[in-house]
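Analysis of the macromolecular model
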Amino acid sequence: MITNSDRMDRITEALDEAADIKGRSLWADARRRFLRNKAATGAVVALLLVVLFVIIGPYFAVWSNEEIDWNVMGMVAEKGAPSIESGHFFGVDELGRDLYSRTIQATRTSLIVGVIGAIVAVTIGTIYGATAGFVGGWVDGLMMRFVDIMIAIPYMFIIILLMVMFERSFFMLFVGIGIISWLEMARIVRGQTLSLKNREFVEAAKACGVGWFTIILRHIIPNLLGLVVVFASLLVPLMILIESFISFLGLGVQEPQTSLGALISEGAGTILYGTIWQLFIPLFFFLVTIISLFFIGDGLRDALDPKDR
Amino acid sequence: MLNYILRRLLTAIPTLLVLVIICFLMMHAAPGGPFTSERPLPPEVLANIEAKYGLDKPLYAQLWDYLVGVVTRFDFGPSFIYKDRSVNDIIAQGFPVTLTYGTISFVLATIVGVAMGVFAALRHNTWVDYLAVGATFSAQALPNFVMAPILVIIFTWQLGWLPGGGWNGGQWQYVVMPVIALSTSYMASIARIQRTAMLEVLHSNFVRTARAKGLPSSTIIWRHAMKPALMPVVSYLGPSFVAMITGSVVIDLYFSTGGVGLHYVNAALNRDYAVMLGVTILYGALTILFNLVADIVYAWLDPKIRY
């Protein structure tokens, strides 16, 4: 008997110890893996620096983004180069406006477009896809056929059509990007929902008489979060690319608003005059932002993908 | 197989119709017609002009006329800005140029991308692989509108090897930069997808079985691994085709090739809705046609799809 209670003691001890060990949630696990990924953490730092520059940069600006420096106008190639003395840290643009302020403004535009575009895409796409996948049947068929049709349309032309026909404003840009960006998301979410909806916990919820929309919100969507986060992070650079593309064509937001695509376009148009900084400075911010967003998205996918464990 | 192709064709037709109708309605919902100007025309003159372009009829009649024109005669109607040219003239003038360098870019991106991906996968975790992964990763961040000015700086401005724009009947010097600028980022995407797919296939059971049987590795790669590893790339070809068509607008604009994109952007700036509509429908139809082909190729590659 003594040995037996001894064993019991040891078991209780072991159980107590086990209770002290903290369980690792999916997110804690993912965070650990993400932080171990040097490229991804480096990218986060780079992106934070860009954001910090956009926030703090304006306090150091000598010139505003709309002022024209009459001293250098007309002699941009000779006098407009980046310098500390003149207050044009990044030089001036074709019209003699300060490129430092313009770059801050443009980077801010691009970041906002990327984030808002991704939020719109995630919200509409997740709800649409989860509904289609969960309800199933002819509703699913109809909803997905609609997505198929929309995806087959060259979306860039639709955005341009919208912007030209109504107004070239931020609002229209968001509407245009919002209309097309959620489609891919909806497809992915639907696929995942299809595999989730036959799980036991959904069955249990159904047996308790929970409504289908509540099941989607409370049981399906939380389980989709990992996937959604990964795709959202890959959508942000995509949105920035789309916006820059439209602005490069001169069909994006109008002056005095500007974006990185518009600045790159301006710089690309004037390289033959020798004002090479007008191309390379916005290009630098564009590339740093896009590449770090790519790395972050990649890192998140590696961190959250259950296949890779 | 024939059944499957027919069924896909039948879904392609409504897609195309929806595209035409959406674009047409959007065009007419826009505030301000093509003949609204700062100095308003006398009402009689305006009525005459609208009658000439059929704008006085009810909307559904205009839509019907347009649809009949497009479907039966490939006729996109007259341009609203250029009085002497129809939309068809503009497309006929620019499309061959865009099609030429677009096709070259697409074929180049696919072949080089697939080759790079397979090569990197076969030398997994060697410096060749790392180099390929690094190169493709950074190239993805170089879209056509970034590549184009960089190429001009290097090859026109610094080295003076290639002309910075123009077309000149498609002489090779004029084609090189548009092709490189358009294809680079998609080549990179294709290479990445191909590498991942190939790695997955190379680690799968049937390849291990083939190795255990003692088959030479060239047979394994060509007879066993290549077909399944190509499937993700094939399903990516549709989206990359769309992206390239869209990208060609930048190329046409930046290199002044005289392609359709240039007319498209001019039309957008001048509110020439007829040209915009025509180009959008043309590119939309091409996209749908191409997706159809890609789907059929995919069905042929994938043994799991039953038709």
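Residues numbered from 1 in each chain as written. Chains lettered and ligands numbered in written order. Predicted model: local features only at pLDDT ≥ 70, side-chain atom pairs only at ≥ 80, totals over all residues. Heavy atoms only, no water.

- Chain B appears in an unreviewed UniProt entry as Oligopeptide transport system permease protein OppB from Donghicola eburneus.
- Heading Sequence similarities (unreviewed entry) of the UniProt record for chain B holds this comment: "Belongs to the binding-protein-dependent transport system permease family." (UniProt positions renumbered as here; feature names shortened; annotations may be inferred.)

- The name given to chain A in an unreviewed UniProt entry is Oligopeptide transport system permease protein OppC, and the organism recorded there is Donghicola eburneus.
- For chain A, the Sequence similarities (unreviewed entry) comment in UniProt is given as "Belongs to the binding-protein-dependent transport system permease family. OppBC subfamily."

Focus on the overall build of chain B
- Looking only at helices and strands, one finds 11 helices and 0 strands in chain B.
- What you see in chain B, going N to C, is helices and strands ordered as α-α-α-α-α-α-α-α-α-α-α.
- Projecting the C-alpha coordinates of chain B onto the three principal axes gives extents of approximately 85 × 55 × 30 Å.
- Relative to its 307 residues, chain B shows a buried fraction of 48%.
- For chain B, restricting intrachain contacts to residue pairs at least 6 apart in sequence, the fraction spanning at least 24 positions comes to 73%.
- Carbon and sulfur atoms make up 67% of the accessible area of chain B, which totals about 15,100 Å².
- Of the charged side chains in chain B, 19 are positive and 14 negative; the average position of the first set lies 19 Å away from that of the second. (Helix = DSSP H or I, 4+ residues; strand = E, 2+ residues; numbered from the N terminus. Buried < 20%, exposed > 50% of the residue type's maximum accessible area, 1.4 Å probe, protein only. Contact = heavy atoms within 4.5 Å. Areas by Shrake-Rupley, 256 points an atom, 1.4 Å probe, with all protein chains shown as cover. Lys, Arg positive; Asp, Glu negative; His and termini not counted. Charge placed at Lys NZ, Arg CZ, Asp CG, Glu CD.)

Notes on unusual backbone geometry
- In this structure, Ser256(B) takes a positive phi of about 45 degrees despite not being glycine.
- For Ser256(B), a relative accessible area of 44% translates into the label partly exposed.

Topic: the domain arrangement of chain A
Residue and element names in this part refer to chain A.
- Structurally, chain A comprises domain 1 (1-36) and domain 2 (38-308).
- If you look at the interface, domain 1 gives 6 residues, while domain 2 gives 13 residues.
- Both sides of the domain 1 and domain 2 interface together cover about 750 Å² of buried area, and 75% of this is carbon and sulfur.
- The largest share of the area that domain 1 buries against domain 2 comes from Trp 27, Arg 33 and Phe 34, three residues that together contribute 70% of it.
- The tally of links between domain 1 and domain 2 comes to 0 residue pairs in polar contact (both at pLDDT 80 or more).
- Split by residue class, the side of domain 1 that touches domain 2 holds 4 nonpolar, no polar and 2 charged. (Domains from an automatic or database assignment. Buried area = accessible area lost by both parts, 1.4 Å probe. Polar contact = N/O pair within 3.5 Å; in protein donor to acceptor, adjacent residues only side chain to side chain. Nonpolar A, V, L, I, M, F, W, Y, C, P; charged D, E, K, R; others polar.)

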